[in-house]
Structure formats: structure tokens, C-alpha cells
Amino acid sequence: MTSTTSPPALDTAVVVESIADLVGEHYVFPDTARELTALLRRRSAEGSYRTESAEELAEAVTTDLRSVNGDLHLALKYHAVPVPPDRGSAVLAAMRRDFDASLGGVPRVELLDGGVAVLEIAPKMFPLDWAAQPLAAALSLVAPARALILDLRRNTGGDPDTVAFVCGYLLDGRTHLNTLVSRQGEVAEQSWTPPFVPGARFGADKPVYVLTSGDTFSAAEELAYDLQQLGRAEVVGEATRGGAHPRDGWTVHPHLELSVPVARALNPVSGTNWEGTGVRPDVPCGAEEALDRALALAVARLT
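The structure presented is a predicted model; accordingly, all values stated were derived computationally and were not measured.

(A) Broad picture of the sheet that holds strand β10 (residues 256-261). If you walk across this open sheet you meet the three strands as β1-β10-β9, and the pairing is antiparallel. With partners counted over all chains shown, the strands left at the sheet margins are β1 (75-78) and β9 (247-253), one partner each. Geometrically, the sheet is characterised by an average inter-axis angle of 30° between neighbouring strands, direction not taken into account. In terms of strand pairing, β9 meets β10 through six bridges, oriented antiparallel. In the strand pairing of β10, tryptophan 250 is matched with leucine 258. Along the sheet face, helix α3 (residues 54-65) touches β1, β9 and β10 and points at about 160° away from the line of β1.

Here is the structure:
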């Protein structure tokens, strides 16, 4: 006999109420949080979220969550595969599948003409305790190159600690990269390059180019922005998506994860971040042209 398992029942009123509570308690901008909480409850009372589909509910709620200030980290995410209930575990489960399918987030390492190396980091900046070994191996491998092209065009975010780890191979000495400010306006955390990295450093003197696209997001944007603001790299490609607020996640249904920004980033050089604007390239061009443009720039500089 063949048995089937029905998907968990979806009580939209209960789910939306839990979302409203979490946004009200945790969203980094309290005034906006209150506005969003009222909006969600009003829309729920009006019957706007009546559906038996978790995927449809995710789309409708996400549209409303982003309707006030356009924060792209603020979302109700649908997961086709049921996700664990623990805080933050839904996104980690999805990321682990990507990690295992992408050579640990380093799908491409190649030496091009003129001694220029290309290192692609994708599809995520995976958690550092997973990614340190493959990244250290790849970054050590490209260390002797005359110039480096970091390809982030397919990278959609991840762990800020991994950003700092990568920067440690491209800068000399401990360097302040970013400051996170809490909902209460207090310094919650600072990000610095590590004092030690395993393997060989590329160093702080040779040319670095960072490739971006309209899909580059979140922690990948931070890597591009940090290196750009420090004058360490030229960004080549398209303006990125514009998500600078670090987020946390709550499972509100076996197929639904609420993503809520819980802090805001302040770069020590610019005093601001890339939220809403994206990282603006130093050399604007289409994403598909970015590698050729960066290679031409590198070869010209090295000649």
C-alpha cells in the first residue's frame, strides 16, 4: 500500500499574527516595525491572506513587508522542503545543500593570460566554519598571481565572518571593515580582518578587481563594498541589489521562514552602507562583459 503525507495545515491568521509579533519585536527600525505590524494585522483582518498555499502566503506577505521601505532582507520565505523549527536553522539547511553542490562555495579557480587569476565565490558566502578550508585552499592557490579577479556575480549573500576571512588575504594587518548598530542604536558588533589566515596571502599591493551583477546581494555586496571603500579593489560590472541589513530567521510554519533585519551596517570609511542603492561599480558594464573588462584592465595595468 502506498501512503502519502499531507502538507501541514496552514492557519494564515495564526501565522501572520506570529509574523507581526516577530517584526514588531526585532526589526531594526522600531517606527517602521510598528507601521508594518499594523499593516499586517489590518490586511489579515481584511482577509487579504486567505489561501491554502504556503507559497502564495509567502509572496503576499513579502510584498506587504517590503511596501514601506523596500528592505529586501525583510521577507517571508517559502521552502519546498520542510525546515527545522530552531531559530536560524531554515536558511542554514538550504545553504548546506548549496554548499555541498558547489565545491564548498568555490566553483571556479583559473589562471588567465598575463598571470591574472580568477576566483569565483558562489552561490553564497557560506558560514565560516564550513567555508574556511575550501576558501583558504583557493586563496592560497591564487596568491602568486600578478592580479586577482574576484567573481561575485552569482553570489547572493551569507556570513559576514566569511567576508572578513577573505579580506584577510587581501589586506595587510588587522583592518576594521564594518560596524553593526543595533535596534537600540548601540554598537552591537565590529568586523575586522583576522590577525592570521591559513596559507599564503595574496597581499595588499597587487591589483584586485571585483565582479558584480544585479543579483549580487547582502554579504557578497559587503565584500565588494569593503574592498572598494578601502581603495583595495575596483568594482567592475553592474550595481548590486542593495541589501545591507544583517538578518535573522524564524520558522513560522514548516514551509515558511520569516527573515527580519536585526541591525544596520556602518562602514568606517563612508559612514554609511549600500542599503537601497547597491554597490556602485567603479567600471560600469553589463555583468556578462565584466570579466573581459576586468581582465583588460588588469593586463593594461601590469604591462
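(B) Unusual backbone geometry, seen in detail. That bond from alanine 122 to proline 123 is cis: its omega, 0°, falls within 30 degrees of zero. Look at leucine 103: it is not a glycine, yet its phi comes out positive at around 55°. Checked against the element boundaries, leucine 103 lands in the loop between α4 (89-100) and β2 (108-112). Classification of leucine 103 as exposed rests on a relative accessible area of 66%. Its identity is not glycine, yet serine 218 carries a phi of approximately 60°, on the positive side. Its place among the elements puts serine 218 in the loop between β7 (208-212) and α7 (219-229).

(C) Highlighting the packing of α4 against helix α5 (residues 128-142). Following both chains from N to C, one finds α4 and α5 inclined at 20°, their axes separated by 12 Å at the closest point. Put simply, α4 runs roughly parallel to α5. Where α4 crosses over α5, the two elements pack in a sense that is left-handed. Residues Leu92, Met95, Arg96 and Phe99 of α4 form the contact with α5, whose participating residues are Trp130, Ala131 and Pro134.

(D) Region of interest: the packing of aromatic side chains. Applying the stated criterion to the full structure yields six aromatic pairs. Centroid distance tyrosine 225 to tryptophan 274: 5.2 Å. Interplanar angle 50°. Geometry classified as tilted. Linking tyrosine 225 in helix α7 with tryptophan 274 in the loop between β11 (263-266) and β12 (283-284), this pair joins segments that are 49 residues apart in sequence. By the burial criterion, tyrosine 225 is buried, and tryptophan 274 matches it. By the ring-pair criterion, three or more aromatic residues cluster together here, those being Phe99, Phe126 and Trp130. Geometry around tryptophan 130 places arginine 96 over its ring, the cationic atom sitting 4.7 Å from the centre. The ring of phenylalanine 202 carries the charged tip of lysine 206 above its face, separated from the ring centre by 4.3 Å.

(E) Region of interest: the packing of helix α1 (residues 12-26) against helix α2 (residues 30-45). Put simply, α1 and α2 touch, their axes get as near as 8 Å, and they point 170° apart. The angle between α1 and α2 places the two elements in the roughly antiparallel class. Residues Ala13, Val16, Glu17, Ile19, Ala20, Asp21, Val23 and Gly24 of α1 lie in contact with α2, whose contacting residues are Ala33, Leu36, Thr37, Leu40, Arg41 and Ser44. Along the lines of polarity and charge, the residues of the contact of α1 with α2 split into eight nonpolar, three polar and three charged.

(F) Layout of the side chain of aspartate 226. Along the polypeptide, aspartate 226 turns up in helix α7. Put simply, aspartate 226 is tucked away with no salt bridge, and the nearest opposite charge, on arginine 174, sits 13 Å away. Not counting chain neighbours up to four residues away, the residues in contact with aspartate 226 comprise Val163, Leu177 and Asn267.

(G) Looking closely at helix α6 (residues 160-168). The element α6 is largely enclosed, with a buried count of seven among its nine residues. Taken together, the buried positions of α6 are occupied by Thr162, Val163, Ala164, Phe165, Val166, Cys167 and Gly168. Buried residues belonging to α6 abut α5, β4 (147-151), β5 (176-182), β6 (187-192) and α7. Its side-chain oxygen 2.9 Å from the backbone nitrogen of aspartate 161, aspartate 159 forms the N-cap of α6.

Conventions we followed
Residues numbered from 1 in each chain as written. Predicted model: local features only at pLDDT ≥ 70, side-chain atom pairs only at ≥ 80, totals over all residues. Heavy atoms only, no water. Pairing = 2+ DSSP bridges. Helix = DSSP H or I, 4+ residues; strand = E, 2+ residues; numbered from the N terminus. Axes fitted to C-alpha atoms, helices over the stretch in contact; angles between N-to-C directions. Contact = heavy atoms within 4.5 Å. Buried < 20%, exposed > 50% of the residue type's maximum accessible area, 1.4 Å probe, protein only. Parallel < 35°, antiparallel > 145°, perpendicular 65-115°, else oblique. Left-handed = near helix turned anticlockwise from the far one by under 90°. Phe/Tyr/Trp six-rings, centres within 6.5 Å; stacked < 30°, edge-to-face > 60°. Lys NZ or Arg CZ within 6 Å of the ring centre and 35° of its normal. Nonpolar A, V, L, I, M, F, W, Y, C, P; charged D, E, K, R; others polar. Lys, Arg positive; Asp, Glu negative; His and termini not counted. Salt bridge = Lys/Arg side-chain N within 4 Å of Asp/Glu carboxyl O. Polar contact = N/O pair within 3.5 Å; in protein donor to acceptor, adjacent residues only side chain to side chain.

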